[in-house]
Amino acid sequence: MSWIDQAKKGIKAITAEKKEIPDNLWSKCPACADVLYHRELARNLWVCGNCNHHLRLTTEQYRDLLCDPGTWRETHTGIISMDPLGFKDSKSYEERIKATLKKTGREDAIVVGGAEIDGLPVQLGIMDFEFMGGSMGSVVGEKIARMLLDALRERQAAIIVSRSGGARMQESLLSLMQMAKTSAVLSRLREEGVPFVSILTNPTTGGVTASYASLGDVNIAEPKALIGFAGPRVIQQTINSELPEGFQSSEFLLEHGMIDMIVPRKELRPRLAAVLHWFVDGRDVSVPRAGLG
Amino acid sequence: MNPKTTPWLEFEKPIVELEERIRTLEDSASLRGLDVTDEVQRLRERVMSLGREIFDSLDDWQRVQLARHPRRPTTQDYLRLIFDSFNELHGDRAFRDDPSLITGLAFLGRRPVMVIGHQKGRDTKSNIHRNFGMAHPEGYRKAMRVMELAARNRRPIVTFIDTPGAYPGLGAEERGQGEAIARNLRDMAALPVPVLVFVTGEGGSGGALAIGVGNRVYMLENSIYSVISPEGCAAILWRDRAKAADAARAMKITARDALRLGVIDAVLPEPTGGAHRDHIATAAVLKSRIIADLDELASVGAEDLRRQRLDKFLAMGIFQEG
């Protein structure tokens, strides 16, 4: 493949798992259109060096960013979406699932598992936007519920990294019920004092915002992520006027009291570790004066 | 509502016209002292068979129209027809009172219950006041406030769902529409008292579910329940809101579908012609179900009620494994 072909693949190439990234691979920053060399991007945790835009990470990149090396054990695999409604728009849902399974090599829009973060055992779920827009259907709901029940049983902190367009329309009512299902388990964690940290990344909207993503004991957002319940286009059509600058951004949500902190990707791991230690073993591992400056 | 001007749906017009003919016939007969019993009887039978003919073969889009029928009974109608008294409670104690959602202290005979329901308007003015039954975060927070009040006082909760969805607007987002719904889903699951849920009209997405986490969940025969409105789904997947009827069919939004998918406990029958043709009979169906369920759940302990509700929602979802 010539470097031009590789460049044409653009963002897609970023998601490819490569240990060695050739020097000639680059893409444009979706925010400022600056040219970003992948080797440099990887060093910078896929954050644009020019405008600080946080590019989307793959599931594996997020896992590696958060977990202690070698501690991740994926759980509850082999759960696959069905087409219980026989849903069809331009394509049947059944075909769509098949094609997406093949294209992404994933089982659905989330992986869950056990891991350690700074030595603390945790249960972790990472959503995947590449799988049908990270939408939540029966499989996502079931995996999250099982992961949270594991956390409850083992009394380990639970963490979910969200990025999702919301509930999956192709499973309609069943998708809607996953909101109640996941939130119901969280009521038990809350009662039992098992901490839950929600990490909201770009984008987190709809039924995911209206369930577990908003229910963290601590809600952490990446900078400038789109986070909201209704989509901006729907709101614009409803109110029939322009939306204010920065509406439904992480910064907007922080200002309106919906999230606890905005943490740049480079600081995410130490900040998450500090939060977890506060809950789990009461050890202060904070970077001095973090959050005070 | 002005019965003269509130429109009828196209497919129910033949029935309405026939009934109008019966009324005219009876009026003129009584004026002239004629006996038209046989003729009226014949027309009544025709109304019945026509009603069955039309309503036994309703398609999903007609079902949507019935669920949204401007004459369909609302929470206020059910409050009047089912309960013996009602004292409305207002406000979320933080921002304002949301008229899209009614809450209050009701008596069903001698039983004290907490009642919560979406409220649509009957005409343009009342619809603007009620925001077409689309609640803001403060509506859901009011609902949760009174549900917790009921829980502390060991009173059962009855909810009526009838909303196009949670309101998508600037203020709603600023005040955390997502968080308000999410918190209700979490905290309703933990309530130590019986929770009975009735989808009476439109079960629109998270805005419906936010008062929908019950020990028992029922749908009236012509109500609908879905993850997004047919128009919203059509706009996204078909890129054309006019394809709403196709989206309605694809999403399987009817009560029978919900039962088949294991999301509700039972479909409650409506009078022939739909709930709006006979508010009293519809309310009677709901009332007998509420009484039967409250009797049954009265002896179930708090922890069992919570466990049962959690297990009920944990079981929802269809997937393949292995």
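What counts, and at which threshold
- Residues numbered from 1 in each chain as written.
- Chains lettered and ligands numbered in written order.
- Predicted model: local features only at pLDDT ≥ 70, side-chain atom pairs only at ≥ 80, totals over all residues.
- Heavy atoms only, no water.
- Domains from an automatic or database assignment.
- Contact = heavy atoms within 4.5 Å.
- Buried area = accessible area lost by both parts, 1.4 Å probe.
- Salt bridge = Lys/Arg side-chain N within 4 Å of Asp/Glu carboxyl O.
- Polar contact = N/O pair within 3.5 Å; in protein donor to acceptor, adjacent residues only side chain to side chain.
- Nonpolar A, V, L, I, M, F, W, Y, C, P; charged D, E, K, R; others polar.
- Core = buried A, V, L, I, M, F, W, Y, C linked by side-chain atoms within 4.5 Å.
- Buried < 20%, exposed > 50% of the residue type's maximum accessible area, 1.4 Å probe, protein only.
- Helix = DSSP H or I, 4+ residues; strand = E, 2+ residues; numbered from the N terminus.
- Patch = residues over 30% accessible without salt bridge, like charges linked within 9 Å, V, L, I, M, F, W, Y side chains within 5 Å.
- Areas by Shrake-Rupley, 256 points an atom, 1.4 Å probe, with all protein chains shown as cover.
- Pairing = 2+ DSSP bridges.
- Axes fitted to C-alpha atoms, helices over the stretch in contact; angles between N-to-C directions.
- Parallel < 35°, antiparallel > 145°, perpendicular 65-115°, else oblique.

A word on the domain arrangement of chain A
When the parts of a complex come together, some accessible area is lost, and that lost area is often taken as the interface size.
Residue and element names in this part refer to chain A.
And then number 1: In terms of domains, chain A is made up of domain 1 (1-55) and domain 2 (58-292).
And then number 2: Taken residue by residue, the interface counts 10 residues in domain 1 and 10 residues in domain 2.
And then number 3: Counting the surface lost from both domain 1 and domain 2, the interface buries some 960 Å², and carbon and sulfur atoms represent 54% of this.
And then number 4: The interface formed by domain 1 and domain 2 holds 0 salt bridges in total.
And then number 5: Linking domain 1 with domain 2 are 5 residue pairs in polar contact (both at pLDDT 80 or more), by the criterion used here.
And then number 6: Partitioning the side of domain 1 that touches domain 2 into residue classes produces 6 nonpolar, 3 polar and 1 charged.

Concerning the nonpolar core
And then number 1: Grouped together as the largest cluster of nonpolar side chains are 106 residues, with contacts concentrated most on A:L148, A:M177, A:Y212, B:I116, B:I157, B:I181 and B:Y225.
And then number 2: Here this core takes 10 residues from helix α7 (residues 172-192) of chain A, the largest share from any one element.
And then number 3: The residues touching B:I116, leaving out its near neighbours within four places in the chain, are B:L101, B:I102, B:T103, B:A143, B:V146, B:M147, B:I157, B:V158, B:T159, B:F160 and B:I211.
And then number 4: Ranked by size, the runner-up nonpolar core spans 33 residues in total, among them A:L41, A:L55, A:V161 and A:M261.

Describing a nonpolar patch on the surface
Residue and element names in this part refer to chain A.
And then number 1: A contiguous nonpolar patch, built from W278, F279 and V280 and spanning about 340 Å² of accessible area, is present on the exposed surface.
And then number 2: The topology assignment puts F279 in helix α11 (residues 265-280).
And then number 3: Assessed through its relative accessible area of 32%, F279 is described here as partly exposed.

Some remarks on the interface of chain B and chain A
And then number 1: In this complex, chain B contributes 54 residues to the contact, which on the side of chain A involves 58 residues.
And then number 2: When the buried surface of chain B facing chain A is broken down by residue, B:E173, B:R186 and B:F319 rank first, second and third, together holding 15% of it.
And then number 3: Across the contact surface, chain B and chain A share 3 salt bridges.
And then number 4: Between B:E303 and A:R188 there is a salt bridge whose closest N-O contact spans 4.0 Å.
And then number 5: Linking chain B with chain A are 14 residue pairs in polar contact (both at pLDDT 80 or more), by the criterion used here.
And then number 6: It is helix α8 (residues 177-189) of chain B that contributes the most residues to the side of chain B that touches chain A, 10 residues altogether.
And then number 7: Of the residues belonging to the side of chain B that touches chain A, the class tally is 29 nonpolar, 10 polar and 15 charged.
And then number 8: Looking at chain direction, strand β4 (residues 79-81) of chain A and strand β9 (residues 319-321) of chain B are connected through 3 bridges and run antiparallel. Each bridged residue has a counterpart across the sheet, and for A:S81 the counterpart in β9(B) is B:F319.

Topic: the environment of A:L124
Residues and elements named next belong to chain A.
And then number 1: Along the chain, L124 falls in strand β6 (residues 120-127).
And then number 2: For L124, a relative accessible area of 0% corresponds to the buried category.
And then number 3: A C-alpha to C-alpha distance of 9.5 Å links L124 and L66, two positions 58 residues apart in sequence.
And then number 4: Residue contacts for L124: discarding those within four places in its chain leaves L66, C67, W72, V111, V112, G113, M147, I159 and V161.

A short note on the packing of helix α10 (residues 230-238) of chain B against helix α11 (residues 244-251) of chain B
Residues and elements named next belong to chain B.
And then number 1: With their axes 8 Å apart at the nearest point, α10 and α11 run at an angle of 100° to one another. The angle between the axes of α10 and α11 places the two elements in the roughly perpendicular class. Only A244, D246, A247, A248, A250 and M251 of α11 make contact with α10, whose side of the interface consists of P230, E231, C233, A234 and W238.
And then number 2: Here the residues of the contact of α10 with α11 sort into 9 nonpolar, no polar and 2 charged.

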